[in-house]
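Observations on chain architecture
One letter stands for each residue in the lines below.
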There are 2 protein chains.
Amino acid sequence: MRWLDYESDVCSIARALEVLGDRWTILILRELFNGVHRFDDLHEHLGVSRDVLTRRLSSLVAEGVVERRAYREPGRRERADYHLTGSGRELQPVLISLLTWGDQHRPAAGGPPVRLEHRDCGAEVGLTLTCAEGHQVRRHDVVTTPLPGARLRHAG
Amino acid sequence: MRWLDYESDVCSIARALEVLGDRWTILILRELFNGVHRFDDLHEHLGVSRDVLTRRLSSLVAEGVVERRAYREPGRRERADYHLTGSGRELQPVLISLLTWGDQHRPAAGGPPVRLEHRDCGAEVGLTLTCAEGHQVRRHDVVTTPLPGARLRHAG
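The following refers to the structure shown. (Residues numbered from 1 in each chain as written. Chains lettered and ligands numbered in written order. Predicted model: local features only at pLDDT ≥ 70, side-chain atom pairs only at ≥ 80, totals over all residues.)

1. Section: the overall build of chain A
Filter applied, for reference: Secondary structure elements follow DSSP: runs of H or I of four or more residues count as helices, runs of E of two or more count as strands, with numbering from the N terminus. Only the C-alpha atoms count toward the radius of gyration. The rule for a globule is 2.2 Å times the residue count to the power 0.38. Between the buried cut of 20 or more and the exposed cut of 12 or fewer other C-beta atoms within 10 Å of a residue's own C-beta lies the partly exposed class, and all C-beta atoms are placed from the backbone. Here, residues touch in the contact sense if the C-beta positions derived from the backbone fall within 7 Å of one another.
A tally of regular secondary structure across chain A gives six helices and five strands. When the helices and strands of chain A are read in sequence order from the N terminus, they spell out α-α-α-α-β-β-α-α-β-β-β. Here the C-alpha atoms of chain A give a radius of gyration of 20 Å, more than 25% beyond the 15 Å that 2.2 N^0.38 yields for 156 residues. Dimensions of chain A, computed from C-alpha atoms along their principal axes, come out at roughly 65 × 45 × 30 Å. Within chain A, the fraction of its 156 residues that count as buried is 36%. Taking all contacts inside chain A whose residues are at least 6 apart in sequence as the whole, residues at least 24 apart take part in 46%.

2. Looking at helix 6 (residues 92–105) of chain A
As a reminder of what qualifies: Expected helix span is computed as 1.5 Å times (number of residues minus one).
The end-to-end C-alpha distance of helix 6 of chain A, which contains 14 residues, comes to 20 Å, matching closely the 20 Å that a straight helix rising 1.5 Å per residue would cover. Within helix 6 of chain A, 13 of the 14 residues are buried, leaving the element largely enclosed by the surrounding structure.

3. Things to note about the interface of chain B and chain A
Just so we agree on the cut-off: Each pair of strands is called paired provided DSSP finds at least two bridges between the two strands.
On the chain A side, the residues contacting the 78 residues of chain B number 78 residues. Within the residue set of the side of chain B that touches chain A, elements represented by two or more residues are helix 1 (12–20), helix 2 (23–33), helix 3 (39–46), helix 5 (86–89), helix 6 (92–105), strand 3 (114–118), strand 4 (125–131) and strand 5 (142–146) of chain B. Ranked by residue count, the leading element in the side of chain B that touches chain A is helix 6 of chain B, at 13 residues. Pairing of strand 5 (residues 142–146) of chain A with strand 3 of chain B involves five bridges; the strand directions are antiparallel. Directly across from A:Thr144, in strand 3 of chain B, lies its bridge partner B:Leu116.

4. A short note on the relation of the copies chain B and chain A
To keep it simple, the criterion reads: A residue counts toward the fit only if its pLDDT is at least 70 in both copies, and the copies are then superposed by least squares on the C-alpha atoms of those residues.
Mapping chain B onto chain A is achieved by rotating through 180° and translating by 0.0 Å along the same axis, at an RMSD of 0.0 Å. Taken together, the rotation and translation relating the two chain copies correspond to the operation of a two-fold axis. A symmetric contact is evident, with 100% of the interface residues of chain B recurring at the interface of chain A.

5. A look at the pairing of strand 4 (residues 125–131) of chain A
Taken across its seven residues, strand 4 of chain A has five buried, putting it largely inside the fold. With seven bridges connecting them, strand 4 of chain A and strand 4 of chain B associate as antiparallel partners. Residue pairing in the sheet places A:Leu129 in a bridge with B:Leu127 of strand 4 of chain B.

6. Re helix 2 (residues 23–33) of chain A
The element helix 2 of chain A is extensively covered by neighbouring structure, given that eight of its 11 residues are classed as buried. Just beyond helix 2 of chain A, the residue with positive phi is A:Gly35, at close to 85°.

7. So, the environment of A:Thr130
Inspection of the secondary structure assignment puts A:Thr130 in strand 4. Taking C-alpha positions, A:Thr130 is 32 Å from A:Gly110, a pair spaced 20 residues apart along the chain. Excluding residues that lie within four positions of it along the chain, A:Thr130 makes contacts with A:His135, A:Gln136, A:Val137, B:Gly126 and B:Thr128.

8. Some remarks on the nonpolar core
Counted only if it meets this: By convention the nonpolar core is taken to be a set of buried residues drawn from Ala, Val, Leu, Ile, Met, Phe, Trp, Tyr and Cys and joined through C-beta atoms within 7 Å.
Within the largest apolar cluster, 66 residues are counted, with the highest numbers of intra-cluster contacts made by A:Ile13, A:Leu95, A:Leu98, B:Ile13, B:Leu95 and B:Leu98. With near-sequence residues (within four places) excluded, A:Leu95 lies in contact with A:Leu29, A:Arg30, A:Phe33 and B:Ile13.

9. A short note on the packing of helix 6 of chain A against helix 6 of chain B
Formally: Whenever a helix is involved, its axis is fitted only over the stretch in contact; in every case the axis is a line through C-alpha atoms, and angles between N-to-C directions fall within 0 to 180 degrees. Any angle that falls under 35 degrees is termed roughly parallel, while one over 145 is termed roughly antiparallel, one within 65 to 115 roughly perpendicular, and all others oblique. Only Asp, Glu, Lys and Arg are considered charged, only Ala, Val, Leu, Ile, Met, Phe, Trp, Tyr, Cys and Pro nonpolar, and every remaining residue, Gly among them, polar.
Direction vectors running N to C along helix 6 of chain A and helix 6 of chain B enclose 175°, while the axes themselves pass 8 Å from each other. Considering their axes alone, helix 6 of chain A and helix 6 of chain B lie roughly antiparallel with respect to each other. Across the interface between the two elements, A:Pro93, A:Val94, A:Ser97, A:Leu98, A:Thr100 and A:Trp101 from helix 6 of chain A touch B:Pro93, B:Val94, B:Ser97, B:Leu98, B:Thr100 and B:Trp101 from helix 6 of chain B. Split by residue class, the contact of helix 6 of chain A with helix 6 of chain B holds eight nonpolar, four polar and no charged.

10. Here we look at the environment of A:Val65
All names here are of chain A. On the secondary structure map, valine 65 appears in the loop between helix 4 (50–62) and strand 1 (66–71). For the pair formed by valine 65 and arginine 23, sequence separation is 42 residues and the distance between their alpha carbons is 16 Å. In contact with valine 65, other than residues within four places in its own chain, are Val19, Leu60, Thr85, Ser87 and Gly88.

11. Structural notes on the packing of helix 2 of chain B against helix 4 (residues 50–62) of chain B
Relative placement of two packed helices is described by the angle separating their axes and the distance separating the axes. All names here are of chain B. Put simply, helix 2 and helix 4 touch, their axes get as near as 10 Å, and they point 75° apart. When the interaxial angle is binned, helix 2 and helix 4 end up roughly perpendicular. Every residue of helix 4 that contacts helix 2 at Trp24, Thr25 and Ile28 is listed here: Val52, Arg56, Leu57 and Leu60. Considered class by class, the residues forming the contact of helix 2 with helix 4 number five nonpolar, one polar and one charged.

Any functional reading would require information beyond the geometric quantities listed.
See the structure below:
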């Protein structure tokens, strides 16, 4: 397909970025994936202002990617923590692909800080490109083809 | 590992986002992946201001993710177009993971606009989680373990 012939705003990447297109948003999701759920912990661990954190969390809740759960510890006032919803957990490949690229192309001075392991066997986990027929697919063997949902530009 | 015990800024996701943490940046990369290379085409197809486009492209060039190539058509002044470098092309999984999530959780009214196909067999291409032992890995079977590059907080 000639990409320029199509409208660029009918694109699932663009729509995903309406939810995610911000550095703090992705780092908040990383914290939730890593089991950090309380506002104060998020604030302190990320070093993000309370203001920005509040706005990003509200937006993630409004998008249905994060849910807010009220809880109350004995003798204390009610508080809330934050958890990924089903659609939030499905962002895992976005985070893993960023992690992999960062490990490789922006290595930390002391080497990669974490490794993703398969719980069952301990081997390193990563994303691979495969097709529905079960083939391993090389990067340049991915072809983008238009579906009926694509819109030609200057139509009519 | 207890994620809160570690410094959160020694993280490859955070370092990747220093390059990518912006909606326009990712959409520019999408255009380059889709074969759009000229400044004017990028400007028009994305609907991004020339100013923002110039800044984002310069930053991507400075990061070594995009390269600027001068060319001259007969009888015209020299111009430049923009191409992904090796490390830029390795961002493909980031874009595919965003595409997949967007298709699934932010579907367009007319259905997904594009499909990724395996050049050899035509079957749909996607990212799968696998481990180095060749197992398919389920989402919740990914365990994050610290490496020597991780930094404990409040050390000493």
